[in-house]
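Structural features, examined
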Amino acid sequence: GPDTPAATCSPTSVPRPEVPADWRVVALPRDMIAPQMEPGDRVDVVAQAEVIALDAVVVSAPTDTEGLVVAVPPAAAASVATSAQTGDVSVVGHG
């Protein structure tokens with residue numbers, strides 16, 4: 001009927017965090033060592049001892065089949081994607 005909700009949430013579903021407009025979503029390597037994170041957490045993305053994306057937003061936590069997924073500003077997207085492909089990438093969580 002008209003009062004039926006458009007979507008239902010199961011206990012295992014996690015809402016997608018707010019990603020700033022125009023930001024890009026990038027998957028990081030599954031085997032990357034990272035601190036425990038939850039969607040919505042903020043991290044810095046590091047490659048070759050340089051911070052290449054400040055305040056990236058965690059979109060989804062790593063699973064058995066996928067790596068950490070983060071949203072980054074457009075200017076950082078190419079660097080983050082390239083570093084993810086080469087495997088030279090890590091993240092630093094914000095305290």
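Here the structure is shown first, and the text comes after it.
Residues numbered from 1 in each chain as written. Predicted model: local features only at pLDDT ≥ 70, side-chain atom pairs only at ≥ 80, totals over all residues. Heavy atoms only, no water.

Some words on the nonpolar core
Put simply, the rule reads: For the purposes of this section, nonpolar cores are sets of buried Ala, Val, Leu, Ile, Met, Phe, Trp, Tyr and Cys residues that join through side-chain atoms within 4.5 Å. Classification of residues uses two cut-offs on accessible area relative to the type maximum, computed with a 1.4 Å probe and protein chains only: under 20% is buried, over 50% is exposed, and between them is partly exposed. Numbering of helices and strands runs from the N terminus, with a helix taken as a DSSP run of H or I at least four residues long and a strand as a DSSP run of E at least two residues long. Note on contacts: a residue pair qualifies if any of its non-hydrogen atoms lie within 4.5 Å across the two residues.
Judged by nonpolar contacts, the single largest core of 18 residues is most densely connected at Leu28, Val45, Leu68, Val70, Val72, Val80 and Val91. It is helix α1 (residues 74–86) that contributes the most residues to this core, four residues altogether. Every residue in contact with Val72, bar those within four places of it in the chain, is listed here: Trp23, Arg24, Val26, Ala53, Ala56, Ala77 and Val80.

Structural notes on the sheet that holds strand β3 (residues 50–60)
Rules: Strands are labelled as partners when DSSP assigns at least two bridges between them. To obtain each axis, a line is fitted to C-alpha atoms, and for helices this fit is confined to the stretch in contact; angles are then taken between N-to-C directions over 0 to 180 degrees.
Read from one edge of the open sheet, five strands run β1-β4-β3-β2-β5, paired in antiparallel fashion. Each edge of the sheet is formed by a strand with only one pairing partner; in this case those strands are β1 (24–27) and β5 (90–93). Here the strands of the sheet are splayed against their neighbours by 45° on average, with no regard to which way each runs. Bridge count for β1 against strand β4 (residues 69–72) is four bridges, and the pairing is antiparallel. What sits directly across from Ala27, in β4, is Val69.

Examining the environment of Ala61
Relative to the elements of secondary structure, Ala61 occurs in the loop between β3 and β4. Between the C-alpha atom of Ala61 and that of Ala34, which follows or precedes it by 27 residues, the distance is 10.0 Å. Ignoring sequence-local partners within four residues, the contact set of Ala61 consists of Met37, Pro39, Gly67 and Leu68.

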